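Observations on the model geometry
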Amino acid sequence: MSVRLDLGPIQETLLLTLHARALDSRAPAPILGDVRSAEIEERIDYDFAKLKVKPSLITGTALRARKLDDAVRRFAGAHPDAVVLDLGCGLDTRVFRCDPPGGVDWYDVDFPEVVALRSKFLPGRSRLIGADLSTPGWAGGLPDDRPAMIVAEGLLPFMPGDTFPRMVRELTGRFPGGELVLNGYTRFAAWAMKYHPSIKALNIKAAQGFDDPREPEHWGAGLTLAEEQLLTRVPEVDMFPRSLRALTRLMARSTALSRQGGRVLRYRF
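Each value, and the rule that gives it
Sequence order as written defines residue numbering, which begins from 1 separately in each chain. For a predicted model such as this one, the threshold for reporting local features is a pLDDT of at least 70, and the threshold for listing and counting side-chain atom pairs is 80 or more; totals across whole chains, interfaces and linings nevertheless cover every residue. The basis for every side-chain value is the complete set of non-hydrogen atoms in the structure, without hydrogens or water. Secondary structure elements follow DSSP: runs of H or I of four or more residues count as helices, runs of E of two or more count as strands, with numbering from the N terminus. Burial here depends on accessible area, computed with a 1.4 Å probe over protein chains only, as a share of the maximum for the residue type. Under 20% is buried, over 50% is exposed, and the range in between is partly exposed. Pairs of residues are marked as contacts when any of their non-hydrogen atoms sit within 4.5 Å. Using a 1.4 Å probe, accessible areas were evaluated by the Shrake-Rupley method; residue-level cover was limited to the displayed protein chains. By this definition, two strands are paired if DSSP reports at least two bridges between them. The convention used is that axes are lines fitted to C-alpha atoms, helices contributing only their stretch in contact, and that angles between N-to-C directions extend from 0 to 180 degrees. Buried residues of nine kinds, namely Ala, Val, Leu, Ile, Met, Phe, Trp, Tyr and Cys, make up a nonpolar core once their side-chain atoms join them within 4.5 Å. An arc is given here, and it is the one of the directions from the helix axis to the C-beta atoms. A pairing counts as a salt bridge when a side-chain nitrogen of Lys or Arg comes within 4 Å of a carboxyl oxygen of Asp or Glu.

Assigned secondary structure in the chain consists of 10 helices and 9 strands. Overall, the chain is about 50 × 50 × 35 Å in size when its C-alpha atoms are taken along their principal axes. In the chain, buried positions account for 55% of the 269 residues. For the chain, contacts bridging at least 24 residues in sequence account for 73% of all contacts bridging at least 6. A total of about 11900 Å² of accessible surface is found on the chain, and carbon and sulfur atoms cover 52% of it.

Rendered as C-alpha cells:
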C-alpha cells in the first residue's frame, strides 16, 4: 500500500535525493547502488516525475553520497565507539550502507515530521532526534565523552543566516574531538540552485555557501581542513554517462570550475 506524505517545501527535498539515489540504483552500472532507496520510493504515493531529475543530478547525488559514506566508514573503523550524527538525514539509508560497528552510536537528525517517516520506512537501525537544526540546544542529550563524526549532506544551503556555523560550533564544542564532513557548496553554486528545475519544482530557495575551503576554520569551531575532494577528479567519473563524462573531464582541468561542480570537504576538530 502506498503512503501519501504531507511535507513542507524544505522537507520535500528529501524526496529529490531519495529519487536520485533510486534512479542510480536502477542504472546498468550504479555509482552508489542504493537498492533500499528504490524500495522506499516504490512505497510512496508521489509524482516523482515532477522533480525533473536529470542525469547530472543522479550521478552527483550518488557520487557525493558514496564519498561521504567512505569518510564515515573510515572514521567508524578507526573509532569503533564513536558517535555519528547524520544531520538533515531525510530518508537517507546511510546507516545501512555504512553498517557501523556495534559500539557506534548513530543518530539520525531531522525535522520531527521527517523523523516520524524514518520510523516508518527505516526502523530500528539508528537513534532518532526530531529537531529544527537551526534552533540551539537540540544536541543537549547527546553523549559528550566520545569522538564524533558529523555528517551534513546537502544541508548548508538550506540553513538561514549564520545558523549552520553556529550549529557546528555548538557540536564541536560538545565532543572531545572528531570530524565534520559535508558537500561544500560555493556561493555561486548555492545561489544557482534556485534556477535548477528540480529545486524550482519544489518552490524553495537556497543561498548559503562558501568558496574558500578554509573559511570554516574561522568559524570559531576548532575546525582544521583535512581534505578537499573535487568530485570532477575522482575515478568514479568513468562511470558517468558518456556525454556527462566528457563534460566532467573538461571541468576537471580547472579547480575553480571543479569546485562549482561538487566537492566533499572533511575537517578535524
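Here we take up the sheet that holds strand β7 (residues 178–183). Here we have 7 strands laid out as an open sheet, ordered β5-β4-β3-β6-β7-β9-β8, and mixed in their pairing. Two strands bound the open sheet, and with one partner strand each, they are β5 (127–130) and β8 (224–230). Here the average twist between neighbouring strands, direction ignored, is 15 degrees. Contacts from helix α3 (residues 55–78) reach β3 (83–87), β4 (105–110), β6 (148–152), β7, β8 and β9 (263–268), with the element oriented near 175 degrees to β7. Helix-sheet contacts for helix α5 (residues 112–121) involve β4 and β5, and the interaxial angle to β5 is about 155 degrees.

Further remarks concern the nonpolar core. Side chains that are nonpolar tend, in soluble globular proteins, to be buried together. Counting 32 residues, the largest nonpolar core has L85, L87, W138, F164 and M167 as the members making the most contacts within it. Listed in part, the 25 residues of the second largest apolar core include I31, A71, A76 and M149.

We now examine α5. When we look at burial in α5, the residues that qualify are V114, V115, L117, R118 and F121. Taken down its axis, α5 places every buried residue within 155 degrees of arc, on the same side.

Turning next to the pattern of salt bridges. Under the counting rule described, the total for this entry stands at 30 salt bridges. Here D34 makes a salt bridge to R21, at a shortest N to O gap of 3.3 Å. Remark: R21 occurs in helix α1 (residues 9–25) and D34 occurs in the loop between α1 and α2 (35–42); sequence separation between them is 13 residues. Among the residues examined, R21 registers a relative accessible area of 2% and is labelled buried. Across the pair E217 and R214 runs a salt bridge whose closest N-O atoms are separated by 2.8 Å. Assessed through its relative accessible area of 41%, R214 is described here as partly exposed. Within the structure, one salt-bridge network assembled from shared partners comprises R21, D34, R64, D69, D86, D92, R94, R97 and E153.

So, to be careful, I would describe these as geometric facts and stop short of saying anything about function.
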